[in-house]
Each structure stands twice: as C-alpha cells, then as structure tokens.
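Fold and contact review
The chain contents come next:
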2 protein chains.
Amino acid sequence: MTESDRLFLDDLASAAQAVETCLEGLLSPVCRVDEIARPDRLLNAMRHGVLNGGKRMRPYLVLESARLCGGDPQAALRIAAALECIHCYSLVHDDLPAMDDDDLRRGKPTVHIAYDEATAILAGDSLLTLAFDIAAAPETPLSGDARASLVCALARAAGIGGMAGGQALDLAAEITPPDEAGIVTLQAMKTGALIRFACEAGALIAGSDQSTRASLRRYGEVIGRAFQIADDLLDITSDAASLGKATGKDEGRGKGTLVGLRGVNWARDELARLVAEAESLLSAFGDRGEKLKAAARFVANRKS
Amino acid sequence: MTESDRLFLDDLASAAQAVETCLEGLLSPVCRVDEIARPDRLLNAMRHGVLNGGKRMRPYLVLESARLCGGDPQAALRIAAALECIHCYSLVHDDLPAMDDDDLRRGKPTVHIAYDEATAILAGDSLLTLAFDIAAAPETPLSGDARASLVCALARAAGIGGMAGGQALDLAAEITPPDEAGIVTLQAMKTGALIRFACEAGALIAGSDQSTRASLRRYGEVIGRAFQIADDLLDITSDAASLGKATGKDEGRGKGTLVGLRGVNWARDELARLVAEAESLLSAFGDRGEKLKAAARFVANRKS
C-alpha cells in the first residue's frame with residue numbers, strides 16, 4: 001500500500017464520519033417546516049436503511065470533487081448526504097422479495113426483514129424523497145440555480161434514464177441475457193450513473209467551467225466502470241464470509257457480466273487501463289488531483 | 001348544478017387535457033440530457049400508472065391557484081405534471097400486494113397486475129424521481145430559487161412528514177385503530193399534504209406575498225379535509241360499480257374514519273362548514289376566486 005493509498009483510506013474514513021453525522025441530523029425525529037409528523041416506525045426503518053456503516057464511497061467522491069473545484073464544503077456535505085439517501089433507497093428496494101430477495105445486507109437483516117415489506121417500500125420512497133428535500137432546501141448554501149441544477153442532475157442519474165432504468169434492465173437480463181453492449185449500458189445506468197453524478201457534483205457545487213465539469217464527468221464514468229468490473233471480479237473470486245452478502249448469485253441467475261464474457265485476465269488489464277485513464281483525466285489539476293487518483297486505484301483494487 | 005359548477009367542470013376537463021398532453025411529452029421514449037436510455041417496459045409501466053384518465057384534481061388546483069396569483073401558466077403546467085407524477089406513484093405503490101393489494105384501479109389492471117411487482121416498484125420509484133426532475137429542470141420557466149422552493153415544498157408534502165408518513169400511519173391503523181386526533185393527522189398527511197401543496201404552489205410559482213400564500217395554504221388544508229370526508233362518505237354510500245374500485249374496504253379492515261366515528265349527518269354538516277370556510281378564505285381575491293370556490297363545492301359534493 002502506497003502512502004497516497006493510506007492517506008486516501010484516512011480521508012475515506014473521515015468523509016464517512018462527516019456524512020454519518022449529517023445523515024443522523026437529517027433523520028432525527030424533529031419535523032422540518034411543512035412536515036406534519038415523522039412516524040417512528042417509518043423513521044426507524046429509514047435509519048436502518050441508511051445508518052449502516054457503509055464505506056460511503058459516493059459521498060466521498062462528492063466531497064473530494066467539490067474540494068478539488070473549490071466548492072463550499074457544507075453544501076458538498078449535504079449533496080453527499082442526499083446522494084447517499086438515494087443509493088441506500090435503491091438497496092432497500094433492490095433487496096425486496098419481488099426484486100433480489102435478499103435477507104442480509106452488510107451482515108445485518110435487510111429493512112423488509114427487520115421491519116416488514118410495506119414499511120421497506122415506504123422507507124425507500126421516503127429516502128428518495130428526502131434526498132431532493134436535502135438538495136433543494138435553503139440550508140444547502142448555494143444559489144437557487146445551483147440547487148435546482150443539482151436536483152435535476154441527481155434525478156436524471158437516479159431515474160428511468162439512470163439507476164432505476166438500469167435495475168429494470170437487470171431484471172430483464174434474468175430472462176434474456178444481454179450482449180456485451182447491453183451489459184455496458186446496463187452497468188452504466190445501474191451503478192455508473194450515481195458515481196458519475198458524485199464526481200460531476202463537485203463542479204456543479206463550485207460553479208466550475210464546462211471543461212472542468214466534463215473532465216470530472218468522464219472521470220466518474222471511468223471509475224464507475226472500474227467499480228463494476230471490480231465488483232464482478234469480487235463476485236467470482238471472493239466468498240460470502242468476507243463480503244457479508246451472497247456471492248456467485250449473478251452468474252447463478254444467468255446474468256452476464258463483462259468478466260464472465262471476457263475472463264479474469266481481461267478484467268485485470270481493463271482495470272489497469274481505466275485507472276490510467278482516470279489518472280490522466282486528473283492531470284490538469286496537478287497535485288490537488290492526487291486524492292482522486294488514489295480513489296480510482298482503490299475502486300479498481302478493492303477486496304471487499 | 002349552478003352555472004359556476006358547470007364552468008368549473010369545463011375548466012377541470014380542459015386542465016386535465018393540458019396536463020395529459022404535458023405528461024405524454026414527459027413520458028416519451030426520447031432521452032433527456034444526462035439520461036442514458038429509457039427502457040421500454042419500465043417506461044410503459046410508468047405510462048400505465050399515469051396516463052389513465054384520472055380527474056386530475058391536484059393539477060387543476062395548481063393551475064388555478066397559479067392563475068389566481070398571476071403565475072406563469074407554462075411553469076404551472078409543469079409543476080402540475082410533477083405533482084400528478086407523485087400522486088400516481090403513490091397509487092402504484094399503494095396498490096402493491098404488500099400494501100393494499102388491489103388488482104384494479106379505475107376499472108383497469110393495476111401496474112403490478114399489468115406488468116409485474118418488481119416493475120411496479122421501479123415504475124413508482126421512477127415517477128417519484130421524474131417529478132423532481134420536471135420541477136427543477138430549466139424548462140420550468142421560473143428562477144432557480146423558485147424551482148428549488150417548489151422542489152423542497154413538494155418533497156416535504158410527499159415524504160415522511162407528509163404523504164408517505166401518512167401511508168405508514170395507515171398501515172399502523174390496521175393493527176391499532178387511531179383515535180380521532182390520530183385520524184385527523186393520518187388524513188392530513190396521507191391525502192391532505194399533496195392537496196395543500198397544490199394550492200400553495202400557485203403562490204410559490206407567482207412569487208406572491210406571505211399573506212396570499214398563507215390563505216391558499218389554509219384553503220388547501222380545508223379542501224383536503226373536505227376531500228377526505230367526502231371520500232369516506234362515498235366509501236359508505238356508493239357501490240363498487242360506480243367507483244371502479246373495491247368499497248367498504250377501509251371499514252372492513254377496522255380502520256377508523258371520521259365519518260365512521262361521528263356519523264353521516266355530522267359529515268354532511270362538516271362538509272358544509274368546510275366549504276364555507278374555503279369560500280371565505282378566497283373572498284380577498286374577489287371575482288377571480290370564484291373558480292376555486294366552485295372547486296371546494298365540487299370536492300365536498302362529488303359522487304365518484
């Protein structure tokens with residue numbers, strides 16, 4: 001492990017702590033303006049789905065891309081929390097019996113197991129809704145234009161043209177295995193879109209120029225792809241104990257992955273190529289880009 | 001039926017037509033900026049859930065409250081469409097087997113029957129997400145501040161402190177029947193919050209003063225309450241054929257309603273009182289308030 005990798009892991013841990021504190025405040029029992037009541041059971045189910053000790057990779061990318069662009073750190077923290085609410089809602093809904101039917105997530109009962117199915121549906125709905133509340137609210141210290149842009153970009157990354165559409169393609173892939181182009185589209189939508197948003201968000205928060213935004217956007221696409229290939233590799237090479245969830249499942253269900261189609265050696269080469277592209281996209285930022293370079297290496301090489 | 005009632009029904013029908021056309025455009029197969037693809041089956045399920053010939057009462061209230069305040073009609077139409085996406089997502093999810101388990105909605109198969117349960121979950125999620133995209137996008141001709149305010153108000157009306165929280169209370173009411181105060185809170189959240197937003201939205205779109213906003217907000221609360229009492233009355237007095245959905249169901253499940261607790265005569269008196277209050281709240285607008293007065297009468301007296 002290099003020195004910059006070690007620094008990256010420290011930064012990731014402190015970003016996770018900051019986001020956890022922010023989410024804890026946003027998911028308190030206290031009503032906000034225009035809210036009538038926050039029913040206990042639903043609030044607790046939302047907390048179960050979010051305050052679960054994840055790595056908080058997406059929030060980290062928002063915070064670090066904003067820092068790189070000189071964006072307001074408090075605004076970045078709230079956008080990071082909003083994004084994490086969306087990521088976690090998607091896990092709550094994906095785990096439902098009608099979807100992936102998972103009982104465990106990070107070694108703990110999933111929301112529909114800890115509560116019930118109806119509450120899990122509503123907890124996911126409420127987390128998704130809360131994300132847009134957080135991003136749009138005046139407590140996010142940005143201009144109205146910037147808040148509206150972030151809401152719109154986040155919605156498109158999460159909706160039919162992004163993550164939710166990708167999940168629909170994933171369901172279809174259980175019946176008709178997609179070809180390679182189909183897998184690339186599926187993964188760009190299901191996991192890529194939110195990661196791309198996380199990286200682009202820094203430029204939106206800071207009001208950066210188009211060229212900076214385009215570089216971060218492309219960086220996000222590249223590490224999103226690396227993230228998915230690393231995930232598919234892990235699915236083949238690791239075991240249930242170290243991941244805390246069922247593995248070998250995607251292949252068992254007949255869903256193709258790029259690693260399945262092209263093999264493990266191709267995947268390792270592709271990860272190296274993607275890391276190099278990510279690093280090259282950050283070269284314009286000089287030394288300030290070192291942390292996102294380390295993030296790209298971490299995403300490609302992660303072991304869990 | 002009075003002349004103003006007839007005019008109201010004409011207006012309601014033409015508002016429904018305008019909103020239908022707007023929604024049709026928003027749910028076209030064409031990707032927007034930042035979208036990767038719009039998978040057919042998911043898009044068709046969303047369309048099934050939204051383009052279903054509803055009365056479009058909430059959109060009407062947005063359009064008419066905006067007209068009353070002098071707000072931009074195109075902005076009002078988009079906010080109306082966004083609100084209808086949220087109303088329709090809630091119907092799609094409420095109909096799921098884990099929730100109310102309904103096979104029919106307005107005489108047609110519900111989304112999880114016409115498609116499948118996973119697709120219905122994703123269609124609801126995607127409609128909810130699309131609503132915030134529509135409100136926040138630059139195509140909504142309002143300042144960034146106004147778009148962000150509308151997103152925030154809409155999210156709070158729809159989320160844990162509003163509609164979704166009300167649905168959670170409704171689930172709890174199947175196990176422990178609430179007292180009268182509990183029923184009032186449940187209904188203010190489950191159906192009241194979106195109706196209140198619809199009426200307040202006109203003032204937000206037009207950038208009206210606080211007093212105008214407060215009057216419309218209170219008007220929205222009053223007709224929201226009337227809407228629910230009328231619904232509970234219909235549930236007791238009408239039959240399945242005229243409503244196109246199962247009736248007598250809420251009582252059968254032991255959920256209390258105000259009409260069940262206080263009786264049909266109390267309900268009719270209360271509706272008259274609420275209509276009078278709604279009319280009085282509109283008096284400051286002079287003749288321009290006639291249409292929303294007719295809307296209050298329609299909501300209280302509707303037969304389906």
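Here, every reference points to the structure presented above.
Residues numbered from 1 in each chain as written. Chains lettered and ligands numbered in written order. Predicted model: local features only at pLDDT ≥ 70, side-chain atom pairs only at ≥ 80, totals over all residues. Heavy atoms only, no water.

As a further point, take unusual backbone geometry. Backbone geometry at A:R106 places phi at a positive 50°, although glycine is not the residue there. Overall, A:R106 belongs to the partly exposed group, its relative accessible area being 38%. (Buried < 20%, exposed > 50% of the residue type's maximum accessible area, 1.4 Å probe, protein only.)

Turning our attention to the interface of chain A and chain B. Size of an interface: often given as the accessible area lost when the parts come together. Contacts between the two partners involve 55 residues from chain A and, on the opposite side, 55 residues from chain B. When chain A packs against chain B, the two sides together hide about 4600 Å² of surface, and 69% of this comes from carbon and sulfur. Interface area lost by chain A to chain B is led by A:D34, A:R156 and A:I160, which between them contribute 18%. B:R147 is the salt-bridge partner of A:D145, the closest N and O atoms lying 3.2 Å from each other. Among the secondary structure elements, those contributing two or more residues to the side of chain A that touches chain B are α2 (40-50), α4 (73-94), α6 (117-136), α7 (144-158), α8 (163-175), α9 (180-206) and α10 (210-237) of chain A. Ranked by residue count, the leading element in the side of chain A that touches chain B is α6(A), at 12 residues. Residues that form the side of chain A that touches chain B fall into these classes: 31 nonpolar, 10 polar and 14 charged. (Contact = heavy atoms within 4.5 Å. Buried area = accessible area lost by both parts, 1.4 Å probe. Salt bridge = Lys/Arg side-chain N within 4 Å of Asp/Glu carboxyl O. Helix = DSSP H or I, 4+ residues; strand = E, 2+ residues; numbered from the N terminus. Nonpolar A, V, L, I, M, F, W, Y, C, P; charged D, E, K, R; others polar.)

What follows is about the side chain of B:T110. Along the chain, B:T110 falls in the loop between β2 (108-109) and α5 (111-114). Beyond its immediate sequence surroundings of up to four residues, B:T110 is in contact with B:H48, B:D95, B:D102, B:D103, B:L104 and B:R105.

Among the nonpolar cores identified, the biggest contains 207 residues, and A:L61, A:Y219, B:L61 and B:Y219 are the most heavily contacted of them. Leaving out residues up to four positions away in the same chain, B:Y219 has contacts with B:L61, B:C199, B:A278, B:L281, B:L282, B:L292, B:A295 and B:A296. (Core = buried A, V, L, I, M, F, W, Y, C linked by side-chain atoms within 4.5 Å.)

The subject of this paragraph is the relation of the copies chain A and chain B. Relative to chain B, chain A is turned by 180° and slid 0.0 Å along the rotation axis, the superposed coordinates differing by an RMSD of 0.0 Å. The transformation just described matches what one would write down for a two-fold rotation axis. Relative to the rotation axis, the C-alpha of A:G144 is the closest in chain A, positioned 2.1 Å from it. (Least-squares fit on C-alpha atoms with pLDDT ≥ 70 in both.)

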